[in-house]
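Here's the letter readout for the chains.
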Amino acid sequence: AISGMEWAVDNGADVVSMSLGGSVTDTSWVNAVENANQMGTTVVAAVGNKGDGTSATPGNVYSTIGVGSVDSSVDVSTFSGGEVIDTDSAWGTSAPSDWPSEYTVPDVVAAGEGVNSTSSDGGYSLKWGTSMATPHVAGAAALALSAAGDKSPEQVTEAFALTAFGSGSE
């Protein structure tokens, strides 16, 4: 998966979307995501489906736009991963010095329940998961870059933070 992401970056991808589940904190993703960001590629990845207090790599790498799931009422899905990450405990010396000591994943949520998707029999079926939500965010990032021009991954992340809406309690 890392080689595939590196190939996409090397071939000029503006956005890489990854809906895959890894270990809780696989440090091999840190350099890969950081390198992608330095090359101007925005990395968007699912945070996993093991519920509150959990997350998975690469969706929980700080410089990734980590994606969780919500239902049609915009309530967080019970399966959607999400947690506060202590950088030292999770990443140790693999974390770049400019990462905060603590951060929360996911960065954003999108529709991840009852999403019409392709199925192995050649038809369509309804599916659930942060992997269903991630392409929505990657597509929004690609559309934003198409409209706004050459922006850094940090600027894309900031645009999501500035334009997202919350539950009203923030």
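Data block above holds the structure.
Keep in mind that this is a model prediction, so the values were computed, not measured.

Student: Teacher, can you tell me more about the sheet that holds strand E6 (residues 108-111) here?
Tutor: To summarise the sheet geometry, strands pair through backbone hydrogen bonds and adopt either a parallel or an antiparallel arrangement. What the 4 strands build is an open sheet, ordered E1-E2-E3-E6; its pairing is parallel. Strands at the two margins of the open sheet, each flanked by one partner only, are strand E1 (15-18) and E6. Within this sheet the neighbouring strands show an average axis-to-axis angle of 30°, counted without direction. Bridge analysis of E1 against strand E2 (residues 42-46) gives 4 bridges, and the strand direction is parallel. Paired with Val15 across the strands is Thr42, a residue of E2. Packing of helix H4 (residues 130-148) onto the sheet brings it into contact with E1, E2, strand E3 (65-70) and E6, and relative to E3 it is tilted by some 125°.

Student: Please clarify how the pairing of strand E5 (residues 102-105) should be interpreted in this entry.
Tutor: Regular strands place their side chains on alternate faces of the sheet. Burial along E5 is one-sided: Tyr103 and Val105 are buried, and none of Glu102 and Thr104, which face the opposite way, are. Bridge count for strand E4 (residues 83-86) against E5 is 4 bridges, and the pairing is antiparallel. Bridge pairing in E5 places Val84 opposite Thr104.

Student: Any chance you could explain the nonpolar core here in plain terms?
Tutor: One recurring pattern in soluble globular proteins: nonpolar side chains tend to sit buried together. Ranked by size, the top nonpolar core spans 21 residues in total, and within it Met5, Met18, Trp91 and Trp99 carry the most contacts. The set of elements that each furnish at least two residues to this core consists of helix H1 (2-10), E1, helix H2 (28-38), E2, helix H3 (87-91) and E5. Counting residues per element, this core draws most heavily on H2, which supplies 5 residues. In this structure Trp91 touches Thr25, Asp26, Thr27, Val30, Thr57, Asn60, Val61, Ile85, Trp99 and Tyr103, once residues within four positions along its chain are discounted. Counting 12 residues, the second-largest nonpolar core is a separate cluster that includes Val44, Val137, Leu145 and Val156.

Student: Help me understand helix H5 (residues 153-163) in this model?
Tutor: For H5, the complete set of buried residues consists of Pro153, Val156 and Phe160. End-on, the buried residues of H5 take up no more than an arc of 60°, which puts them together on one face. Residues of H5 that are exposed and point over 90 degrees away from its buried face: Ala161 and Leu162. Looking at the buried side of H5, the elements it contacts are H2, E2, E3, E6 and H4.

Student: When you look at the packing of aromatic side chains in this model, what are you seeing that I'm missing?
Tutor: Here the distance between the centres and the angle between the planes together describe a pair of aromatic rings. One pass over the structure, following the stated rule, counts 4 aromatic pairs. Judged by centre distance (5.0 Å) and plane angle (65°), the rings of Tyr62 and Tyr103 are edge-to-face. Here the residue Tyr62 occupies a position in the loop between E2 and E3, and Tyr103 occupies one in strand E5, the gap between them amounting to 41 residues. Taken together, the ring pairs in this structure connect Tyr62, Trp91, Trp99 and Tyr103 into an aromatic cluster.

Rules used throughout
- Residues numbered from 1 in each chain as written.
- Predicted model: local features only at pLDDT ≥ 70, side-chain atom pairs only at ≥ 80, totals over all residues.
- Heavy atoms only, no water.
- Pairing = 2+ DSSP bridges.
- Helix = DSSP H or I, 4+ residues; strand = E, 2+ residues; numbered from the N terminus.
- Axes fitted to C-alpha atoms, helices over the stretch in contact; angles between N-to-C directions.
- Contact = heavy atoms within 4.5 Å.
- Buried < 20%, exposed > 50% of the residue type's maximum accessible area, 1.4 Å probe, protein only.
- Core = buried A, V, L, I, M, F, W, Y, C linked by side-chain atoms within 4.5 Å.
- Arc of directions from axis to C-beta.
- Phe/Tyr/Trp six-rings, centres within 6.5 Å; stacked < 30°, edge-to-face > 60°.

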